[in-house]
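Structure assessment
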Amino acid sequence: MYHFIVYGSIFLVCLFFALFFFFVGGEKQESFQNSLPSDSPSFHQEETYQESIPQENVSELPLSSEKDSLEKENSPEVLNDTQKEKILPKQEKPISKEKKETSLEIKETLLSFGYHTPEQLRNIDTIVIHSSYNASGGDVYDREKIIQQYKDYGVGAHYLIDRRGGVYRLIEEKNIAYHAGVSKLPDGRKNVNDFSIGIELMGTKESGFDAQQYSALNALISDIKSRYKIKNIVGHADIAPERKTDPWKFNWDSVKR
């Protein structure tokens, strides 16, 4: 009988404490949940939020990852000019389709013959165009042989233009070159060498001249005009018609006079 009373007392005490913690603990947990702000996150709420999103709209949700933050910072809208040069690829400039005028490149090949230096500065106002080729055998456009012919005859011109449009200065413009010989301009002036610049173009009586030569000639004429007031651009035949017929097969329409 004694043992029954002891064990029964212990059981009642345990039951009392169990009921006490059950009711008091539940009220505290409910009180804590009620004290949180309505927008506070919780594991249960986050799971419920994810499950409530339609699957097809997941890709439309705003992201807040570090990667997206960097992409936003590096977007063209928020970069300054210096940052754009470092981050963004350089844009190549479109290539202009406009053709540039032929640039003049003159090669110095000064002669020791075929001219003399006047005592006074020359008053240059005329350009005389000639044509010549190598008649001594071999390549008719051999520059060295053409120049050798000038030496053999004791003549020379200020410039020589080869078949590819290469321009060579043979005699300085300040000097009187022996290119015109006995000559006379339509205006009556004689001794054309004294006030003219002579230009030789490589070409035979049959060949005529190509586009590169005309282009180089026009560039050279423009260059000469930048220094002198040129009034006349003539051919050798124009000033010595009884002796000369060059320049042969020359297209005057291709010359900017």
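Criteria and thresholds
Residues numbered from 1 in each chain as written. Predicted model: local features only at pLDDT ≥ 70, side-chain atom pairs only at ≥ 80, totals over all residues. Heavy atoms only, no water. Helix = DSSP H or I, 4+ residues; strand = E, 2+ residues; numbered from the N terminus. Buried < 20%, exposed > 50% of the residue type's maximum accessible area, 1.4 Å probe, protein only. Areas by Shrake-Rupley, 256 points an atom, 1.4 Å probe, with all protein chains shown as cover. 1 Å grid on protein atoms, 1.4 Å probe; cavity = no way out; pocket = protein on both sides within 12 Å on 5 of 7 lines; lining within 4 Å. Points joined across faces, edges and corners; volume = space filled by probe spheres on them. Nonpolar A, V, L, I, M, F, W, Y, C, P; charged D, E, K, R; others polar. Pairing = 2+ DSSP bridges. Salt bridge = Lys/Arg side-chain N within 4 Å of Asp/Glu carboxyl O. pLDDT = per-residue confidence, 0-100. Contact = heavy atoms within 4.5 Å. Expected span 1.5 Å × (residues − 1). Lys, Arg positive; Asp, Glu negative; His and termini not counted. Polar contact = N/O pair within 3.5 Å; in protein donor to acceptor, adjacent residues only side chain to side chain. Phe/Tyr/Trp six-rings, centres within 6.5 Å; stacked < 30°, edge-to-face > 60°. Lys NZ or Arg CZ within 6 Å of the ring centre and 35° of its normal. Arc of directions from axis to C-beta.

Let's shift gears to the overall build of the chain. Scanning the chain from N- to C-terminus turns up seven helices and eight strands. For the chain, buried positions account for 31% of its 257 residues. With an accessible surface of roughly 19000 Å², the chain has 54% of that area assigned to carbon and sulfur atoms.

Quantified by volume, the largest pocket comes out at close to 630 Å³. If you go around the largest pocket, you meet 23 residues; those closest to its centre are Ser131, Ser132, Val155, Glu200 and Lys244. Looking at the lining of the largest pocket, the elements that each hand over two or more residues are β3 (126–132) and α5 (143–153). Split into classes, the residues belonging to the lining of the largest pocket amount to nine nonpolar, nine polar and five charged.

We now examine the pairing of β3. Judged by how many residues are buried, β3 sits mostly within the fold: seven of seven residues are covered. The side-chain alternation of β3 yields two buried faces, one formed by Thr126, Val128, His130 and Ser132 and the other by Ile127, Ile129 and Ser131. Alignment of β3 against strand β7 (residues 196–202), held across seven bridges, turns out to be parallel. Looking at the pairing, His130 lines up with Glu200 of β7.

Glancing now at the pattern of salt bridges. Evaluated as defined, the whole model comprises six salt bridges. With a closest N to O distance of 2.3 Å, Arg169 and Glu108 form a salt bridge. Taken together, the positions of Arg169 in strand β5 (residues 167–169) and Glu108 in strand β1 (residues 106–108) put the pair 61 residues apart, joining distant regions of the chain. A salt bridge links Arg189 to Asp187; its shortest N-O distance comes to 3.0 Å. Note on Arg189: relative accessible area 28%, which makes it partly exposed. Residue Asp187 is classed as partly exposed on the basis of its relative accessible area of 49%.

Attention now moves to the confidence of the model for the chain. Any segment with low pLDDT has predicted coordinates that should not be analysed in fine detail. Taken over all residues, the pLDDT of the chain has a mean of 77, while the share at 70 or more is 60%. Note that pLDDT drops below 50 for residues 26–72; the model gives that stretch six contacts with residues more than four away or on any other chain. Segment residues 84–101 is flagged for pLDDT under 50; beyond a separation of four residues in sequence, or across chains, it makes seven contacts in the model.

For helix α6 (residues 211–225), spanning 15 residues, the distance from its first C-alpha to its last is 21 Å, which sits close to the expected 21 Å at 1.5 Å a residue. Among all positions in α6, only Gln213, Tyr214, Ala216, Leu217, Asn218, Ala219, Leu220, Ile221 and Ile224 are buried. Contact partners of the buried residues in α6: β1, β3, β4 (159–161), β5, β7 and β8 (232–235).

Turning to its location among the elements, Asp246 is positioned in the segment after α7 (236–239). For the buried Asp246, no salt bridge exists, and the shortest N-O distance to an oppositely charged side chain is 5.7 Å, to Lys244. Within polar-contact distance, the side chain of Asp246 engages the backbone nitrogen of Ser131 at 3.1 Å. If near-sequence neighbours (up to four positions away) are discounted, Asp246 is found in contact with Ile129, His130, Ser131, Gly235, His236 and Ala237.

Quick look at the packing of aromatic side chains now. Under the definition given, this model contains five aromatic pairs. Measuring from ring centre to ring centre gives 5.5 Å for Tyr214 and Phe250, while their planes differ by 55 degrees; the resulting arrangement is tilted. Of this pair, Tyr214 sits in helix α6 while Phe250 is found in the segment after α7, placing the two residues 36 residues apart along the sequence. What makes Phe250 buried here is its relative accessible area of 12%. Connected via pairs of aromatic rings, a cluster forms that spans Phe209, Tyr214, Phe250 and Trp252. The residue whose ring lies beneath Arg143 is Tyr168, and the NZ or CZ to ring-centre distance is 4.3 Å.

On to α5, then. Burial in α5 covers these residues: Ile146, Ile147, Gln149 and Tyr150. Buried positions in α5, seen along its axis, are confined to an arc of 150 degrees and lie on one side of it. The outward face of α5, more than 90 degrees from its buried face, is lined by the exposed residues Glu144 and Asp152. Looking at the buried residues of α5, the elements they touch are β3, β4 and β7. Put simply, Asp142 is the residue that caps the front of α5, since its side-chain oxygen is 3.1 Å from the backbone nitrogen of Glu144. Among the residues trailing α5, Gly154 stands out with phi positive, at a value near 70 degrees.

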